[in-house]
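# Analysis of the macromolecular model
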Amino acid sequence: MKFRANEFLNGKYTTRNTPKSAVLLPFTLLLIMLPLSLMRNSQESSPEISSVSSLNNNETERCDIFSGKWIPYSEEPYYNNETCPFIIDQQNCLKFGRPDREYLHWRWKPNECELPLFNATQFLELVRGKKMAFVGDSVGRNQMQSLLCLLNHVSQPEDISHKYSSDVIYFRRYFYADYNFTLGNLWSPFFVRGSDADSNGHSYNSIMKLYLDEVDEAWSSKVENFDIVIISAGHWFFRPLMYYENGQLVGCNKCGVENVTDLAHYYGYRKAYRTAFRTLTNLKSYKGMTFFRTFSPSHFENGDWNKGGNCARTKPFTKEEMKLDGYILETYLTPVDEFKEAQIEARRRGLKFLMINTTEIMLLRPDGHPNNFGHSRDKNVTINDCVHWCLPGPVDTWNQFLLYMLNIESQTSSGSMLERVV
């Protein structure tokens with residue numbers, strides 16, 4: 001299933017101790033186009049396993065890496081727009097003249113431990129001989145492009161997308177020959193089958209049909225070939241949608257159709273994730289490790305996404321300024337509940353389901369979006385991007401989390417598919 005327009009959110013949340021006019025609305029910019037900075041030393045050393053494991057008996061240190069705060073960090077980003085060829089214009093804030101640099105000089109500090117900086121060699125050794133896919137929308141693809149940049153100074157992949165799909169914009173694959181590692185994305189913003197329902201065709205906010213109990217084969221038919229899957233979605237569910245189950249119309253989200261019950265976006269979001277998780281647990285040949293990455297909030301202020309809203313802040317919020325509550329909290333919890341149920345079934349099947357909890361962490365980073373620096377100034381673009389994340393930028397932290405969790409699994413899982421890096 002492919003849709004060539006932007007993702008939009010029409011929900012609202014406001015900051016604490018900020019003007020009442022500051023309205024934050026989620027939206028996703030032109031999907032067809034699409035750090036905490038992750039830093040590195042001038043030369044990358046061998047994998048720094050000791051920063052992940054305790055020094056006593058090499059036992060794995062465990063802590064809640066998702067509970068902490070953003071702290072200042074003076075080092076330069078791990079990569080930039082000149083050293084990474086995988087940054088698309090829509091997220092290339094440095095290329096298009098973003099004047100401030102403070103957003104690049106923060107790192108995530110868990111309360112109970114240190115989160116190691118990203119080590120590309122360690123990552124590639126952990127995934128040697130494996131295939132990894134990002135399943136979902138363009139924010140998931142944003143994370144994949146971050147990972148490509150983080151790995152680039154150690155190994156440069158071959159783009160093999162054309163061997164697997166005629167749509168190489170939405171379905172990309174890269175092969176790291178030195179490590180026999182494949183990295184790709186499977187485009188599916190809803191996880192379930194969808195189609196346009198607007199007589200005028202597909203547009204930014206046109207109404208669509210979602211068949212909530214029918215998985216989108218664009219990803220489900222290919223996912224069994226992957227060993228590690230990162231699944232995520234969110235912003236598309238805020239657009240006008242007609243919900244179908246068992247072939248029957250059961251309700252909608254913001255459809256404005258007489259005699260059709262508005263069930264809100266939570267209903268479709270929950271049911272779509274339920275179908276996705278059940279698909280992964282029921283596919284007979286799927287033996288992969290699944291990472292569910294939670295909802296990534298947007299930060300529109302001073303207007304709606306289509307009415308001049310922007311995200312011009314230059315530093316993170318504190319936890320006193322921004323709380324995880326209201327509709328963002330409920331949007332976060334909706335698929336988390338489904339994940340917990342799916343995790344139980346996954347265990348019965350001997351599958352590993354893990355959660356990368358990015359919601360509250362990214363809620364604190366209004367400074368990390370492209371805003372109006374994701375395109376050339378001479379282009380007539382009137383919509384600011386406050387959904388995706390600048391590269392380099394806070395989104396790189398998601399791959400720090402991924403590496404940390406992969407390393408933990410390689411050391412603690414009996415019969416783990418991952419090779420332990422020593």
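Quantities reported herein were computed from a predicted structural model and do not represent experimental measurements.

Right, let's get into the pattern of salt bridges. Throughout the structure, instances matching the rule amount to 15 salt bridges. Two residues, aspartate 337 and arginine 270, come together in a salt bridge whose shortest N-O distance is 3.9 Å. One end of the pair, aspartate 337, is in helix 5 (residues 326–348); the other, arginine 270, is in helix 4 (residues 264–282), with 67 residues separating them in the sequence. For aspartate 337, a relative accessible area of 35% puts it in the partly exposed group. Measuring nitrogen to oxygen at the nearest pair gives 2.8 Å for the salt bridge that ties glutamate 345 to arginine 348. On the criterion of helical spacing, the pair formed by glutamate 345 and arginine 348 is a turn pair, its members being three residues apart in helix 5. What emerges from the salt-bridge pattern is a single network uniting Arg270, Arg274, Asp337 and Glu338.

Attention shifts here to the sheet that holds strand 10 (residues 208–215). Read across the sheet, four strands follow the order 9-10-12-13 without closing on themselves; strand pairing throughout is mixed. Edge positions in the open sheet fall to strand 9 (192–196) and strand 13 (248–253), since each of these has one partner strand only. Strand-to-strand twist across the sheet, computed as the mean angle between neighbouring axes with direction ignored, equals 25°. For strand 12 (residues 241–245) and strand 13, the ladder comprises five bridges, and the chain directions are antiparallel. Each residue of the ladder has a partner; that of glutamate 245, found in strand 13, is glutamine 248. Its contacts with the sheet put helix 4 on strand 9, strand 10, strand 12 and strand 13, and the angle it makes with strand 10 is roughly 35°.

Turning our eyes to something else, we now look at the packing of aromatic side chains. Summed over the entire model, instances satisfying the criterion amount to 26 aromatic pairs. Taking the centre distance of 5.4 Å and the plane angle of 70° together, the rings of tyrosine 269 and tyrosine 273 count as edge-to-face. Of this pair, tyrosine 269 and tyrosine 273 both sit in helix 4, four residues apart, roughly one helical turn. Considered together, tyrosine 269 and tyrosine 273 belong to a single accessibility category, that of buried residues. The cationic tip of arginine 98 hangs over the ring face of tyrosine 103; the distance from NZ or CZ to the ring centre is 3.7 Å. One residue, arginine 173, lies across the ring of tyrosine 164, its end atom 4.0 Å from the ring centre.

Reading the values: the criteria
- Residues numbered from 1 in each chain as written.
- Predicted model: local features only at pLDDT ≥ 70, side-chain atom pairs only at ≥ 80, totals over all residues.
- Heavy atoms only, no water.
- Salt bridge = Lys/Arg side-chain N within 4 Å of Asp/Glu carboxyl O.
- Helix = DSSP H or I, 4+ residues; strand = E, 2+ residues; numbered from the N terminus.
- Buried < 20%, exposed > 50% of the residue type's maximum accessible area, 1.4 Å probe, protein only.
- Pairing = 2+ DSSP bridges.
- Axes fitted to C-alpha atoms, helices over the stretch in contact; angles between N-to-C directions.
- Contact = heavy atoms within 4.5 Å.
- Phe/Tyr/Trp six-rings, centres within 6.5 Å; stacked < 30°, edge-to-face > 60°.
- Lys NZ or Arg CZ within 6 Å of the ring centre and 35° of its normal.

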